[in-house]
Amino acid sequence: MSRSTWNSPCHLFVEAPDLIFTPVFDYELVLMVHESHPLASRASVQPQDLIDEELITVPVTLERLDIYTQFLVPAHCRPRQHRTAETIDLMLQLVCAGRGVTVLPDWLLNEDAAGLPIRALRLGEAGIEKSINLGIRRGEETTSYIDGFLKLASEMGPSPAP
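Computed from a predicted structure; not experimentally measured.

Criteria and cut-off values
- Residues numbered from 1 in each chain as written.
- Predicted model: local features only at pLDDT ≥ 70, side-chain atom pairs only at ≥ 80, totals over all residues.
- Heavy atoms only, no water.
- Helix = DSSP H or I, 4+ residues; strand = E, 2+ residues; numbered from the N terminus.
- Buried < 20%, exposed > 50% of the residue type's maximum accessible area, 1.4 Å probe, protein only.
- Areas by Shrake-Rupley, 256 points an atom, 1.4 Å probe, with all protein chains shown as cover.
- Contact = heavy atoms within 4.5 Å.
- Core = buried A, V, L, I, M, F, W, Y, C linked by side-chain atoms within 4.5 Å.
- Salt bridge = Lys/Arg side-chain N within 4 Å of Asp/Glu carboxyl O.
- pLDDT = per-residue confidence, 0-100.
- Pairing = 2+ DSSP bridges.

**Quick look at the overall build of the protein chain**
And step 1. The secondary structure content of the protein chain amounts to four helices and eight strands.
And step 2. Written out in order from the N terminus, the α and β elements of the protein chain read β-β-β-β-α-β-α-β-α-β-β-α.
And step 3. Going through the 162 residues of the protein chain one by one, you find that 40% of them count as buried.
And step 4. Surface accessibility of the protein chain: about 9200 Å² in total, with carbon and sulfur atoms responsible for 53%.

In structure tokens form, the structure reads like this:
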């Protein structure tokens, strides 16, 4: 907060009176499975469907993972095993090798996973909708280059599905 200009992409909001969070694009979290996975023929999954799975996530605490806080824990479910991977590329390669399933934003299927043998499944009937937001100091949102950056970020969101 001590710098003259600050913006940060995030999906979590921090309560701070000096910050304004501006949404720049929406997305849906989806379960990504290998195309030959037993769940691959389904449009959506329920928490119980993940009990026998190895779930691959980014290396953060479970309290910060929406798959746990918004999907598994409320249903009193846990995957058989949980492992972490440092990069999205590694997560996708593990899914391609049949070594587990992962939860990522839907737009990654169109960008990073294009051409890979991966299927995306909705988490529950309604899915888990999220938004990428930029955090900006209050009062700086009308600064011309910040305003321009916000507009550009909104226009440049993820590639639309083919």
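**Details of the environment of Gly98**
And step 1. Mapping Gly98 onto the fold places it in the loop between helix 2 (88-96) and strand 6 (101-105).
And step 2. Residue Gly98 is classed as exposed on the basis of its relative accessible area, which comes to 55%.
And step 3. Considering only alpha carbons, one finds Gly98 and His34, 64 residues apart in sequence, at a separation of 6.2 Å.

**A look at unusual backbone geometry**
Outside of glycine, negative phi angles account for most residues, and trans bonds account for most peptide bonds.
And step 1. Positive phi values are uncommon outside glycine, yet His76 reaches one of about 55°.
And step 2. With respect to the helices and strands, His76 occurs in the loop between helix 1 (66-72) and strand 5 (81-84).
And step 3. With a relative accessible area of 76%, His76 lands in the exposed category.

**With respect to helix 2**
And step 1. Among all positions in helix 2, only Met91, Leu92, Leu94, Val95 and Cys96 are buried.
And step 2. Buried residues along helix 2 sit against strand 2 (19-34), strand 4 (54-57), strand 5, strand 6 and strand 7 (118-123).
And step 3. Two residues or fewer after helix 2 comes Gly98, characterised by a positive phi angle close to 75°.

**Overview of the nonpolar core**
And step 1. Of all hydrophobic cores here, the largest spans 27 residues; its most connected members are Leu31, Ile67, Phe71, Leu72 and Leu123.
And step 2. Elements supplying a minimum of two residues to this core: strand 2, helix 1, strand 6, strand 7, strand 8 (128-137) and helix 4 (144-155).
And step 3. With sequence-adjacent residues up to four places away left out, Leu72 is seen in contact with Pro47, Leu50, Leu55, Ile67, Cys77 and Pro79.
And step 4. With 13 residues, the next largest nonpolar core counts Ile56, Met91, Leu94 and Ile118 among its residues.

**Re the pattern of salt bridges**
And step 1. Overall, the coordinates contain five salt bridges when judged by the stated rule.
And step 2. Its salt-bridge partner being Glu54, residue Arg83 comes within 3.2 Å of it at the nearest N-O pair. Here Glu54 lies in strand 4 and Arg83 lies in strand 5, a separation of 29 residues in the sequence.
And step 3. Using a relative accessible area of 12% as the deciding quantity, one classes Glu54 as buried.
And step 4. Asp66 is paired through a salt bridge with Lys130; the nearest N and O atoms lie 3.0 Å apart. Residue Asp66 is located in helix 1, and its partner Lys130 is located in strand 8; the two are separated by 64 residues in the primary sequence.
And step 5. A relative accessible area of 12% places Asp66 in the buried class.

**Notes on the confidence of the model for the protein chain**
And step 1. For the protein chain, the average pLDDT comes to 86, and 87% of its residues sit at 70 or higher.
And step 2. Note that residues 4-10 has pLDDT below 50 and, in this model, 24 contacts with residues that lie over four places away or in other chains.

**Section: the pairing of strand 6**
And step 1. Buried residues dominate strand 6, accounting for five of its five residues.
And step 2. Pairing geometry for strand 2 and strand 6, over four bridges, is antiparallel. The partner of Met32 across the bridge, within strand 6, is Thr102.
And step 3. Where strand 4 and strand 6 come together, two bridges link them in parallel fashion. If you follow Leu55 over to strand 6, its bridge partner there is Val101.

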